[in-house]
Amino acid sequence: MLLEYIMKKILLSLVMTLIMTANGYADEIEIKKIKDKHDTYYKYLFENDMNSLANLFSFPAAFKGFVNEVQIAKNKKEIKNIYENLIKAAPQSKFANKGINYTEINTKVENKSIFKMREDTYMLIVKYTQSDKKDNSLIFSGRASYLFIKDDEEWLISGVF
């Protein structure tokens, strides 16, 4: 009887370990997809490809960046307009207004942290700095948060803060 009890406990422990490991592995797969999507977001943003960038979002999407108010985009056209305004208000815009090309700005991602909120919702927080490539002078240092939701088995951005 004692042996049977011990065997059941061991079996239950093994099953729980397998379930937790499988869930952890599934989360790692989803986290990789989200990080890859964020890398694509940066690529399109730095290439100024607003059409491709807009395809990475779900709607409605919320924004709070270098502008005073929270903005809500209901479609791809509104995403493009919001990003035009965000880019104009960003610290590096003063740099570009001096006639210096954005390719002369070094953007360094220092840290990416990701938090699971629900099965279909994650928050990615990125710490980054921007500096002048010529003299390494700091242009901006800060954090941005990206709310990702799963929509039809695809991870899309639902908010940028």
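Residues numbered from 1 in each chain as written. Predicted model: local features only at pLDDT ≥ 70, side-chain atom pairs only at ≥ 80, totals over all residues. Heavy atoms only, no water.

### Concerning the packing of aromatic side chains
Part 1 of the argument: Counted under the stated rule, the structure contains 10 aromatic pairs.
Part 2 of the argument: Ring centres of F63 and Y83 lie 5.5 Å apart, and the angle between their planes is 85°; on these two criteria the pair is classed as edge-to-face. Separated by 20 residues along the polypeptide, F63 in strand β1 (residues 57-63) and Y83 in helix α3 (residues 76-89) bring together distant segments of the chain.
Part 3 of the argument: Taken together, the ring pairs in this structure connect Y41, Y42, F46, F57, F63, Y83 and Y146 into an aromatic cluster. (Phe/Tyr/Trp six-rings, centres within 6.5 Å; stacked < 30°, edge-to-face > 60°. Helix = DSSP H or I, 4+ residues; strand = E, 2+ residues; numbered from the N terminus.)

### Focus: the sheet that holds strand β3 (residues 105-118)
Part 1 of the argument: Strands sit in the order β2-β1-β6-β5-β4-β3 across an open sheet of 6 strands; the sheet is mixed. Looking along the sheet, the strands with just one partner apiece sit at the ends: β2 (71-73) and β3. Taking each pair of neighbouring strands and ignoring which way they run, the sheet shows an average axis angle of 25°. (Pairing = 2+ DSSP bridges. Axes fitted to C-alpha atoms, helices over the stretch in contact; angles between N-to-C directions.)

The analysis is restricted to geometry; functional conclusions fall outside its scope.
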